[in-house]
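# Survey of secondary and tertiary structure
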Amino acid sequence: MTTNLLGLDAQALEAFVAKIGEKPFRAKQLMRWVHRYRESCFTDMSDLAKTLREKLTEAAVVAAPRVISDGSSEDGTRKWLLDAGNGNAVETVFIPEANRGTLCISTQAGCTLACEFCSTGKQGFNRNLTTAEIVGQLWLANRALAVMSHDERFALGKRVVTNVVLMGMGEPLLNYDNVVPALRLMLDDNAYGLSRRRVTVSTSGIVPLIDRLRDECPVALAVSLHATSDALRDRLMPINRKYPLRELLAACVRYLDRAPRDFITFEYVMLSGVNDGEHHARELAALLAEVPSKVNLIPFNAFPGLEFERSSREVIRRFSDFLNTAGIVTTTRKTRGEDIDAACGQLAGQVQDRTRRLIRMEKVA
Ligand code: SF4
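These remarks concern the structure in this document.

## Some thoughts on the overall build of the protein
The helix and strand tally for the protein stands at twelve helices and 14 strands. Considering the protein as a whole, with its 365 residues, one finds that 55% of them fall into the buried category. Look at the contacts in the protein between residues 6 or more apart in sequence, and 66% of them connect residues 24 or more apart. Within the structure as shown, the protein displays about 16,200 Å² of accessible surface, and the carbon and sulfur contribution to it stands at 50%.

## A few points about the site of the ligand
As a structural note, the neighbourhood of the ligand is formed by Cys111, Leu113, Ala114, Cys115, Cys118, Gly121, Gly170 and Ser204. Within the shell around the ligand, the residues separate by chemical class into five nonpolar, three polar and no charged.

## What to know about the pairing of strand E12 (residues 264-270)
Along E12, seven of the seven residues are buried, which leaves the element largely enclosed by surrounding structure. The alternating pattern of E12 places Ile264, Phe266, Tyr268 and Met270 and Thr265, Glu267 and Val269 on opposite faces, both of which are buried. By the bridge criterion, three bridges tie strand E11 (residues 220-224) to E12 in an arrangement that is parallel. What sits directly across from Ala222, in E12, is Thr265. As paired elements, E12 and strand E13 (residues 293-299) share seven bridges and run parallel to each other. Within the sheet, the bridge partner assigned to Tyr268 lies in E13 and is Leu297. Chirality of the crossover, the property in question, places the unit of E12, helix H10 (residues 278-287) and E13 among those that are right-handed.

## Structural notes on the sheet that holds E13
In space, the ten strands of this open sheet follow the order E3-E4-E5-E6-E9-E10-E11-E12-E13-E14, with mixed pairing throughout. Taken across any chain shown, the strands that pair with only one partner, and hence form the sheet edges, are strand E3 (67-72) and strand E14 (329-332). Across the sheet, the mean angle separating the axes of adjacent strands is 20 degrees when strand polarity is ignored. Of the pairings in the sheet, the one linking strand E6 (residues 101-104) to strand E9 (residues 163-166) comprises three bridges and is parallel in character. Bridging from a neighbouring strand, Thr102 pairs with Asn163 of E9. Across the sheet, helix H9 (residues 245-256) touches E11 and E12, and the angle it forms with E12 is around 145 degrees.

## Remarks on the pattern of salt bridges
Scanning the entire structure with this criterion turns up 17 salt bridges. A salt bridge links Glu22 to Lys55; the nearest nitrogen and oxygen atoms lie 2.8 Å apart. Within this pair, whereas Glu22 is found in the loop between helix H1 (10-19) and helix H2 (25-36), its partner Lys55 is found in helix H3 (residues 50-59), the two being separated by 33 residues in sequence. You can call Glu22 buried: its relative accessible area is 17%. When the shortest N-O distance is used, the salt bridge between Asp177 and Arg212 registers 3.8 Å. With Asp177 in helix H6 (residues 176-187) and Arg212 in helix H7 (residues 207-216), the pair connects residues that are 35 residues apart, well separated along the chain.

## Notes on the environment of Glu278
The topology assignment puts Glu278 in helix H10. A residue is classified by how much of its surface remains accessible, and Glu278, at 57% relative accessible area, is exposed. Sequence separation between Glu278 and Phe319 is 41 residues, and the spatial gap between their C-alpha atoms is 6.8 Å.

## Structural notes on the packing of H10 against helix H11 (residues 313-325)
Interaxial distance between H10 and H11 falls to 9 Å at its minimum, and their mutual angle equals 30 degrees. Between H10 and H11, the crossing angle belongs to the class labelled roughly parallel. Judged by the twist between their axes, the crossing of H10 over H11 is right-handed. Taken together, the residues of H11 that come into contact with H10 (itself represented by His280, Ala281, Arg282, Leu284 and Ala285) are Phe319, Phe322 and Leu323. Taken together, the residues of the contact of H10 with H11 break down into six nonpolar, one polar and one charged.

## Some thoughts on the packing of aromatic side chains
The tally for this structure, following the rule as stated, stands at three aromatic pairs. On the basis of an interplanar angle of 80 degrees and a centroid distance of 5.4 Å, the ring pair of Trp33 and Tyr37 is categorised as edge-to-face. There is no split in this pair, since Trp33 and Tyr37 are both buried. A ring pair is formed by Phe300 and Phe308, whose centres lie 6.2 Å apart and whose planes are at 80 degrees; its orientation type is edge-to-face. On the accessibility criterion, Phe300 (3% relative accessible area) is buried. For Phe308, a relative accessible area of 4% corresponds to the buried category.

## Topic: the environment of Arg310
As for its position among the elements, Arg310 is in the loop between E13 and H11. When its relative accessible area of 38% is taken as the criterion, Arg310 is described as partly exposed. Sequence separation of Arg310 and Ile298 is twelve residues, and the distance between their C-alpha atoms is 9.2 Å. For Arg310, the side chain forms a polar contact with the main-chain oxygen of Phe300, separated by 2.7 Å.

Conventions and cut-offs
Residues numbered from 1 in each chain as written. Predicted model: local features only at pLDDT ≥ 70, side-chain atom pairs only at ≥ 80, totals over all residues. Heavy atoms only, no water. Helix = DSSP H or I, 4+ residues; strand = E, 2+ residues; numbered from the N terminus. Buried < 20%, exposed > 50% of the residue type's maximum accessible area, 1.4 Å probe, protein only. Contact = heavy atoms within 4.5 Å. Areas by Shrake-Rupley, 256 points an atom, 1.4 Å probe, with all protein chains shown as cover. Near = heavy atom within 4 Å. Nonpolar A, V, L, I, M, F, W, Y, C, P; charged D, E, K, R; others polar. Pairing = 2+ DSSP bridges. Right-handed = clockwise from strand over helix to strand, strands pointing away. Axes fitted to C-alpha atoms, helices over the stretch in contact; angles between N-to-C directions. Salt bridge = Lys/Arg side-chain N within 4 Å of Asp/Glu carboxyl O. Parallel < 35°, antiparallel > 145°, perpendicular 65-115°, else oblique. Left-handed = near helix turned anticlockwise from the far one by under 90°. Phe/Tyr/Trp six-rings, centres within 6.5 Å; stacked < 30°, edge-to-face > 60°. Polar contact = N/O pair within 3.5 Å; in protein donor to acceptor, adjacent residues only side chain to side chain.

Structure, rendered in structure tokens:
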């Protein structure tokens, strides 16, 4: 059986290299070829001995998920739809800004958590992505975005993706065993060399796994909050019935002991008439009083079959002003890539239907 090297962190790659009878330093060399230079052809790994290249050709592959579609928005946002097998697909979105490039990646095909306002939640759960599929999204994006010649790929400092957020399809912490090796690769200097501050795990609030992440691989943490009371959060995010607000916020405070940033980002989707009132803003400020926080307001993106509507611009502005005045740094997410359905909340929107259609079309072709 061949091993997909995209899924091996430093320790696993050393074990693989030992298994094929090679010295440990080969693991670092190989990691640089695979991730830093994004090379998938072992024959082109010019500083590896010929015998090793032959062994690798026999025993390994470098295989990212298959791209079903690749769309670019007028604002530069780029979205890939990737095959997750059995008629399912996941999405990866690149959002360029003046001083950084953020890649939003998926960790599961579907999601078990069924949040009321989320298109992914409405699709149900298919499966966890493997480490190779998670890292493969970064590998693919770097490869597609870097318009460089083979030699230029060796130049350092030409990183196009500067930030990664695990905020696409799925709940990252419920795929912990595959996500953590992927995070380690993102941080590894021989792979992607991103700082812990530039890699963000976004969770709906799986309390025991927030604690585990803090102990094992503390990267920046974002929490999908979306409500200021247990009653409302129970309704919008059923996971709250298991880990209510008090427990979630206590876990956030514990996380800050080891976090690379001295605040937690709280995501708050603005749903008209549901969670966007003045009293909600007041409750939110009170709730976060003891947790060093930043709040990111997300204008809701409507999709068919849901009764929610986006809060008006004016309501979002007032909500934001209230929080900022209360001393909580609050930003409003810009809606990006609307022409390719890449805006937040639509990340996996209608993917399954569209994917099935695409796959059917491909079969027909
Ligand atoms: S918001 Fe996140 S956790 Fe909730 S259903 Fe959607 S993908 Fe899952």
